[in-house]
Amino acid sequence: MKEIGIALLGLGNVGLGTYRILTQHAKDIERRLGARVRVHHVLVREPGRARPEDVPSALLTHDMKTILANPEVSVVVELMGGLSPAREYVEQAIASGRHVVTANKALLSAHGEALFSSAIARGVDVHFEAAVCGGIPIIRTLREALASDRVESLTGIVNGTTNFILSAMADEGSTYADALRRAQELGYAEADPTLDVSGMDAAQKLCLLASLAFSARVSPGSILVEGISTLTPADIAHGREAGFVLKLLARARRVSDGLDVRVHPAFIPAASPLSDVKGGFNAVLLQSAALGASLFSGLGAGALPTGSAVVSDIIDTCRGLLAGVSGRLPLPCAPNVQDVPLLSPGERRGPTYLRFSVSDEPGVLGRIASVLGEKGVSINSVLQRPPRPEDTHATIVVFTHDTREADVIAAVQWIDSLRSTRAPTQVIRIEEGPGLLLSGR
Ligand code: NAP
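What you see is a predicted model; the values in this text were computed from it and never measured.

Rules used throughout
Residues numbered from 1 in each chain as written. Predicted model: local features only at pLDDT ≥ 70, side-chain atom pairs only at ≥ 80, totals over all residues. Heavy atoms only, no water. Pairing = 2+ DSSP bridges. Helix = DSSP H or I, 4+ residues; strand = E, 2+ residues; numbered from the N terminus. Near = heavy atom within 4 Å. Polar contact = N/O pair within 3.5 Å; in protein donor to acceptor, adjacent residues only side chain to side chain. Areas by Shrake-Rupley, 256 points an atom, 1.4 Å probe, with all protein chains shown as cover. Nonpolar A, V, L, I, M, F, W, Y, C, P; charged D, E, K, R; others polar. Domains from an automatic or database assignment. Contact = heavy atoms within 4.5 Å. Buried area = accessible area lost by both parts, 1.4 Å probe. Salt bridge = Lys/Arg side-chain N within 4 Å of Asp/Glu carboxyl O.

1. A few points about the sheet that holds strand β1 (residues 3–9)
Backbone-to-backbone hydrogen bonds join strands into a sheet, with any given pair of strands oriented parallel or antiparallel. Within the open sheet, the six strands sit side by side as β3-β2-β1-β4-β5-β6. Their pairing is parallel. The open sheet is flanked by β3 (60–61) and β6 (126–127), the only strands paired with a single partner. As defined by bridge partners, β1 adjoins strand β4 (residues 73–78) across five bridges and the pair is classed as parallel. Residue pairing for β4: Gly-5 is matched across the bridge by Val-73.

2. Remarks on the site of the ligand
With respect to spatial proximity, 22 residues lie near the ligand, and among them Leu-11, Val-14, Arg-45, Arg-51 and Gly-302 are the closest. In the model, an oxygen atom of the ligand is placed 2.7 Å from a nitrogen or oxygen of the Arg-51 side chain. Contacts to the ligand include Gly-302, whose backbone N or O atom sits 2.7 Å from an oxygen atom. Protein contacts shield 80% of the accessible area of the ligand, which totals 900 Å² for the unbound molecule. Looking at side-chain class alone, the shell around the ligand contains ten nonpolar, seven polar and five charged residues.

3. Here's the deal with unusual backbone geometry
The omega angle of the peptide bond from Ser-84 to Pro-85 is 10 degrees, so this bond is cis rather than trans. Within the secondary structure, Pro-85 is located in the loop between β4 and α4 (86–95). Here the bond from Ala-334 into Pro-335 is cis, since omega is 5 degrees, no more than 30 degrees from zero. For Pro-335, the position within the fold is in the loop between α12 (303–323) and β13 (349–350).

4. Considerations on the domain arrangement of the protein
One can read the domain layout of the protein as domain 1 (3–134 + 303–323), domain 2 (147–299) and domain 3 (346–430). The interface of domain 1 with domain 2 comprises eleven residues on the first partner and twelve residues on the second. Summed over both sides, the interface between domain 1 and domain 2 buries roughly 1,000 Å², with carbon and sulfur atoms accounting for 69% of that surface. Per-residue buried area on domain 1 facing domain 2 is highest for Lys-105, Val-132 and Cys-133; these three make up 49% of the total on that side. Measuring nitrogen to oxygen at the nearest pair gives 2.8 Å for the salt bridge that ties Glu-113 to Arg-217. Here domain 1 and domain 2 share two residue pairs in polar contact (both at pLDDT 80 or more) between them. Sort the elements by how many residues they give to the side of domain 1 that touches domain 2 and helix α5 (residues 105–122) lands first, with five residues. Along the lines of polarity and charge, the residues of the side of domain 1 that touches domain 2 split into seven nonpolar, two polar and two charged.

Given below as structure tokens:
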């Protein structure tokens, strides 16, 4: 039987999951591929450190040169994470004519276009299914299954850490700090959770998805990105009373002359299938012209779910090698992607949730209502809560009708400068419409 040689760079969570799937499913993979996949090397930082027994120590190396010098290695699988030396190693692999599989969304977000361009120039493939939404085959869907279609909108829950935290806040009434601590204890959040809770991890993934869905060049630095650290269980409870669930939403959709791409917490209808996506699960809801609504969901992280996506990419790469073809699928770099105008966040129109913390005195609601009216922000409904032992300020919650975001922000800035306002106003966008529902075309 033919054999295809590969090298894994990294034997952490995903590296070990990948190695185990390759060895434990070896017979199935052989049958499906008609060839054997053989791991020649596993690159780690410290080859001398104790490793799981099922990984032969003879495979371990710290030296990328050993891997590049082995002519049996046709595919380099980068599962190290970080930018350097992952970038240099991937560049070297491509330059030496090796096909590459990577799970590194940070690397692709920062240097993807240059790496993809070099791969095209060198005639090798780069696969990156595991970089977005772990085990869910969403990259494959956008590159292959929907190559026939025109995606109108893509709305997702693409970060398991923040989804775990928001689910705990919603289900148990935990504060953000308590839910984050528990996520860290259970291994859902890193010791430094900044990338996740700031929304930046979701933004990196969304931009990759958007580049494939819309053939557009979109980077996290050019879109609105807001995290979850200021959200409270009270916000979640107020939203629930109005029929909404709070999620960190990653959204990209076509607008009249370009795209609207953003990551921020949003209230979504309880009837949306995304409302049921809990804990470490991820989901992406697509609206496309021919297929209509389609939903992709599953575990967004973890050794085996992510490893399964990596191994699928390895199998795909090997199929190309066996058939003697490469470059079958377009990569998101020039000329396949183009700059497109992005909707400025202030121009978004939609309903908004506003929570005002105010002094408990007569006339405050009237003042807020008149500022909102002056700025053209129309009120849909109002909730009032008196001060409580845990919150000595009165709370006024306003749900607005569809409004231009710049007008909402102008009104909030004015209201926050009033003597009766006790804390910065909480502003949460409400996202509704066909992009959130599994119905219609
Ligand atoms: P991890 O557990 O930290 O493992 C990293 C591995 O890379 C370790 O084996 C480490 O070696 C090795 N490594 C790091 N720097 C190295 C260097 N300079 N030289 C040689 N080896 C080096 O990371 P992970 O969680 O598996 O994540 C790997 C990648 O998958 C990242 O890009 C991540 O974003 C992506 N990803 C992860 C998940 C997930 O669920 N964890 C999900 C989707 C995507 P040592 O063992 O010697 O330290």
